[in-house]
2 protein chains.
Amino acid sequence: MNISILGFGTVGRGVYEMICKAEGMKARKVLVLPVECTESFMVTSIDEIVNDKETDVVVECMGGIHPAFEFASACLKAGKSFVTSNKALISEFGIELEALAREKNVSFLFSAACGGAIPVLHNISVASQTDTIIRCGGILNGTTNFILTNMQDNGKDYKEALSEAQKLGYAEADPTADVSGMDTLRKVMLLSSVSFSSLPTENLCCEGIENFSKEVADYVKERDMSVRLMGFCGKTEAGIYAYVEPVVVPSSAVEASISSNINFAWYEGENSGFIGLMGQGAGRYPTASAVLRDLSAVIEGKKSMIGPCCKKIKADNSGILNSYLLYIDGVFSSIESISVTEMHEKAKELREKGSKVFFAQYKI
Amino acid sequence: MNISILGFGTVGRGVYEMICKAEGMKARKVLVLPVECTESFMVTSIDEIVNDKETDVVVECMGGIHPAFEFASACLKAGKSFVTSNKALISEFGIELEALAREKNVSFLFSAACGGAIPVLHNISVASQTDTIIRCGGILNGTTNFILTNMQDNGKDYKEALSEAQKLGYAEADPTADVSGMDTLRKVMLLSSVSFSSLPTENLCCEGIENFSKEVADYVKERDMSVRLMGFCGKTEAGIYAYVEPVVVPSSAVEASISSNINFAWYEGENSGFIGLMGQGAGRYPTASAVLRDLSAVIEGKKSMIGPCCKKIKADNSGILNSYLLYIDGVFSSIESISVTEMHEKAKELREKGSKVFFAQYKI
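Residues numbered from 1 in each chain as written. Chains lettered and ligands numbered in written order. Predicted model: local features only at pLDDT ≥ 70, side-chain atom pairs only at ≥ 80, totals over all residues. Heavy atoms only, no water.

Engineer: Just to check I follow, could you spell out the sheet that holds strand β3 (residues 42–43) of chain A for this structure?
Structural biologist: All names here are of chain A. What the 6 strands build is an open sheet, ordered β3-β2-β1-β4-β5-β6; its pairing is parallel. Sheet topology places β3 and β6 (108–109) at the edges, where each strand pairs with a single neighbour. Where strand β5 (residues 81–84) and β6 come together, 2 bridges link them in parallel fashion. By the bridge assignment for β6, Phe82 is matched with Phe108. In the packing of helix α3 (residues 68–77) onto the sheet, contacts are made with β1 (2–6), β2 (26–31), β4 (57–60) and β5, and the angle to β5 comes to roughly 150°. (Pairing = 2+ DSSP bridges. Helix = DSSP H or I, 4+ residues; strand = E, 2+ residues; numbered from the N terminus. Contact = heavy atoms within 4.5 Å. Axes fitted to C-alpha atoms, helices over the stretch in contact; angles between N-to-C directions.)

Engineer: Can you help me understand the interface of chain B and chain A in this one?
Structural biologist: Interface size is commonly expressed as the accessible area that is lost once the parts come together. At the junction of the two partners, chain B supplies 33 residues and chain A supplies 33 residues. In this assembly, chain B packs against chain A so that about 2,600 Å² is buried in total across both faces, 57% of it on carbon and sulfur atoms. Contact with chain A buries area across many residues of chain B, yet Thr130(B), Asn271(B) and Met278(B) alone supply 24% of it, more than any other trio. At the junction of chain B with chain A, the criterion picks out 0 salt bridges. For the side of chain B that touches chain A, the elements supplying multiple residues, two or more each, are α5 (120–127), β12 (262–269), β13 (273–280) and α11 (284–299) of chain B. With 7 residues, the single largest contributor to the side of chain B that touches chain A is β13(B). (Buried area = accessible area lost by both parts, 1.4 Å probe. Salt bridge = Lys/Arg side-chain N within 4 Å of Asp/Glu carboxyl O.)

Engineer: I keep staring at the pattern of salt bridges and nothing clicks. Help me out?
Structural biologist: For side chains of opposite charge, pairing can occur when their charged atoms come near one another. Within this structure, the stated rule accounts for 22 salt bridges over all chains. Here Glu207(A) ties to Arg351(A) by a salt bridge, and the two come within 2.7 Å at their closest N and O atoms. Of the two residues, Glu207(A) sits in the loop between β9 (205–206) and α10 (214–222) while Arg351(A) sits in helix α12 (residues 340–352), which places them 144 residues apart along the sequence. On the basis of relative accessibility, which here comes to 8%, the residue Glu207(A) falls in the buried class. A relative accessible area of 27% places Arg351(A) in the partly exposed class. With its nearest N and O atoms 2.7 Å apart, the salt bridge here joins Lys187(B) to Asp183(B). (Buried < 20%, exposed > 50% of the residue type's maximum accessible area, 1.4 Å probe, protein only.)

Engineer: Would you mind going over the relation of the copies chain B and chain A with me for this structure?
Structural biologist: Two chain copies here: they are related by a rotation about an axis and a translation along the same axis. For the match of chain B to chain A, the screw axis carries a shift of 0.0 Å, the RMSD comes to 0.0 Å, and the turn is 180°. With respect to symmetry, the two chain copies, as superposed, fit the operation of a two-fold axis. For chain B, the minimum C-alpha distance to the rotation axis belongs to Leu277(B) and amounts to 2.2 Å. Comparing interface residues between copies, 100% of those in chain B also lie at the interface in chain A; the contact surface is shared. (Least-squares fit on C-alpha atoms with pLDDT ≥ 70 in both.)

Engineer: Honestly, the packing of aromatic side chains in this entry has me stumped. Any pointers?
Structural biologist: Between two aromatic rings, the relevant description is the distance of the centres plus the angle of the planes. Counted according to the given criterion, the structure contains 28 aromatic pairs over all chains. Centre to centre, the rings of Trp266(B) and Phe274(B) are 5.7 Å apart; their planes meet at 25°, and the pair counts as stacked. Its relative accessible area of 5% is what places Trp266(B) among the buried residues. A connected cluster of aromatic rings, assembled from ring pairs, spans Phe232(A), Tyr241(A), Tyr243(A), Trp266(A) and Phe274(A). The ring of Tyr219(A) carries the charged tip of Arg223(A) above its face, separated from the ring centre by 3.7 Å. (Phe/Tyr/Trp six-rings, centres within 6.5 Å; stacked < 30°, edge-to-face > 60°. Lys NZ or Arg CZ within 6 Å of the ring centre and 35° of its normal.)

Engineer: Can you walk me through the environment of Met230(A) in this structure?
Structural biologist: All names here are of chain A. Along the chain, the position of Met230 falls in strand β10 (residues 225–236). Accessibility expressed as a relative area gives 1% for Met230, which makes it buried. Residues Met230 and Pro200, 30 residues apart in the sequence, show an inter-C-alpha distance of 17 Å. With residues up to four places along the chain from it excluded, the contact list for Met230 reads Gly138, Ile139, Thr184, Tyr243, Val244, Glu245, Val247, Val249 and Glu255.

Engineer: How should the pairing of β10(A) be read in this particular structure?
Structural biologist: For a regular strand, the rule is simple: side chains alternate between the two faces of the sheet. Residues and elements named next belong to chain A. Across the 12 residues of β10, 10 count as buried, placing the element largely inside the fold. As paired strands, strand β7 (residues 133–139) and β10 are joined by 4 bridges and run antiparallel to one another. Counted as the bridge partner of Arg135 is Gly234 from β10. Sheet topology note: the β10/strand β11 (residues 239–250) ladder contains 12 bridges and is antiparallel. Bridge pairing links Met230 to Glu245 in β11.

Engineer: Just to check I follow, could you spell out the sheet that holds strand β1 (residues 2–6) of chain B for this structure?
Structural biologist: Sheet strands line up and pair through hydrogen bonds in the backbone, either parallel or antiparallel. All names here are of chain B. The parallel open sheet is built from 6 strands, whose spatial order is β3-β2-β1-β4-β5-β6. Both edges of this open sheet fall to β3 (42–43) and β6 (108–109), since each of them pairs with a single strand only. The pairing of strand β4 (residues 57–60) with strand β5 (residues 81–84) spans 4 bridges and is classified as parallel. Within β5, the residue paired with Val57 across the bridge is Ser81. On top of the sheet, helix α3 (residues 68–77) reaches β1, β2 (26–31), β4 and β5; it is set at about 150° to β5, its chief contact. The strands touched by α11 are β1, β4, β5 and β6; relative to β5, the strand with the most contacts, the crossing angle is about 160°.

Engineer: Looking at this structure, I do not really get the packing of helix α5 (residues 120–127) of chain A against α5(B). What am I missing?
Structural biologist: Each pair of packed helices can be described by the angle between their axes along with the distance between the axes. Where α5(A) meets α5(B), the closest approach of the two axes is 12 Å, and the angle between their N-to-C directions is 115°. Relative to α5(B), the crossing made by α5(A) is right-handed. Across the interface between the two elements, His122(A), Asn123(A) and Val126(A) from α5(A) touch His122(B), Asn123(B) and Val126(B) from α5(B). Of the residues contributing to the contact of α5(A) with α5(B), the split by class is 2 nonpolar, 4 polar and no charged. (Left-handed = near helix turned anticlockwise from the far one by under 90°. Nonpolar A, V, L, I, M, F, W, Y, C, P; charged D, E, K, R; others polar.)

Engineer: I would appreciate a short explanation of unusual backbone geometry in the present structure.
Structural biologist: The phi torsion of most residues other than glycine is negative, and most of the peptide bonds are trans. Residue and element names in this part refer to chain A. Here His66 and Pro67 are connected by a cis peptide whose omega angle stands at 5°. As for its position among the elements, Pro67 is in the loop between β4 and α3. Even without being glycine, Asn203 reaches a positive phi, approximately 60°. Secondary-structure assignment places Asn203 in the loop between β8 (198–202) and β9.

Engineer: When you look at the state of the cysteines in this model, what are you seeing that I'm missing?
Structural biologist: Two cysteines, two sulfur atoms, one covalent bond between them: this is a disulfide. All names here are of chain B. All told, the structure shown has 0 disulfides over all chains when counted by the stated rule. Considering cysteine sulfurs only, Cys206 is the nearest to Cys205, which forms no disulfide, with 8.9 Å between them. Relative accessible area serves as the criterion here: at 8%, Cys205 is assigned to the buried category. In this model Cys233 remains outside any disulfide bridge; the closest cysteine sulfur is found in Cys136, 3.5 Å from its own. Judged by its relative accessible area of 1%, Cys233 is buried. (Disulfide = S-S within 2.5 Å.)

This is how it looks when you write it as structure tokens:
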């Protein structure tokens, strides 16, 4: 199988190296735009890959939605299978790209887009063939987990912890997508699409870690608890819920042991019960290993992870009741049994009135 | 695909129910020996399944080595694919059965035999196609984990904790296979066969939990640590190591959060890094869900998890150096950097002299 790669950054280089060592796979061309070509396999125009008859599969590791979407469409239209680690692309255009792949009878896989090396999308995709997935979620963003655990374990304040994450390459210069919870939310959208054939795009609730502070870190630590940022989705009679928010867990919980930039993803099947998976959620070789897993699956004839039934839907978080720890203008309190929708709306209202608000779900 | 089942106990019934609900699968006959037939699909002779032309796959859920091995051989020779959750059978005759399946070009899968619902063998099998597995292991026996955590969390002594495990159905009337570490060792043998194409059958080191006591539980608890029974295997330049022993972990470690009858399996790939998986390691539906995953794989054409290269080998634990906590005749001490082989031999020698010995690896 001949594979061309779009992008030659951290992940792209890892994928290239792993393909060179893998049995039955051959690296063909690499789109290095806007980098200059320094090797014979490098090209600077997408047309050289789209029109390359020898390329069977295209791996996209550029990131971002445009031109990744246009490139993906062109490759699929040319009858090439498409594998990507790009969660932004899939959460926005996954359904359209899957339809295109189905039309051309080629493969379209993206298990590297959630959880990095952790085979969570792969396992859910396999499990859902013979089991019913009820809910899934996890600690899905290494940057925020690094910041949170650095603040709680080492007493750093938010700015220090963020700047350290940036120095170590865990956080980008503009960390908004991570710290706002958006990156976690996109991964939740992918989990939902694979688990429930439903891509939730509206009525999502998303709270990040920007309002987490040393005061809260000290407060939970004194009570032998710990804060993590988690995403959740599930299927109930009322529909699909999907949200992201900080969560307080007891220090004996598995989640409390997930520190630094490690991810922890989980799903619950009607028959399998709870399955939790931990590992590197990002990085060159961990992410490349997930791409290679997808390439293996292409060889074995796997076509899709979401199927033709997957639709964009409105989420409904109004039926999910949680208890919360609140920290409003320097005062700690707690609230029992309030819906996710209401909690997120209340925080928004308070902030509009000028209050400083942090809230976190109490995990029972 | 038509599936017949050998055994209609806890797992067999779960598999039967799940097949009845699964798309593309049909339950055909169930061998209920020595139970009496009460339903039309039940048979009491293996020949009725071996000679049944409509049966494509046979699932074995009887347990034990004989007559499971003879039945498996007969089914494979008759050209039927074979799926089993029987770790004793595979650790003893896995290589022979795989050869038979290969000869007949049918599938032979056993991912339910290690970790129950946890897809650890499945994930290693997939990962090893494009990554190199370096080592694997975990908390692989729910019975001993239940006893250990019940002793450490609730202050029970060994006898009380064991009898409670028996009452709850977690431990058998004769708990030897579990508490001696043998069950964990068999799972380590399977992990090694899938990860390294090497089934270690000699020079294995295996220490169970029979010598764990309330005194040790109190000692480690005071030091904010916890004891778990773990299996380990890996590939080094010297060969394959494979052993089972109690391990002391800090209470902040993931393993410390694995309580009651939950399993935790992990593997480390050269590229993926460390991947940990937790979930139900036993029970009707969890184990059945793993069998159904294998049945799905049979439909997709997956033939084997170990391949023709897999050989029985002698393990070598003499190059693996660990530090240990010792409790000999009422005295606690520790020993640094001693080989696994030497530690297990020393304990044996001391016991032969009449000493009461407990030891546990310090996980750094």
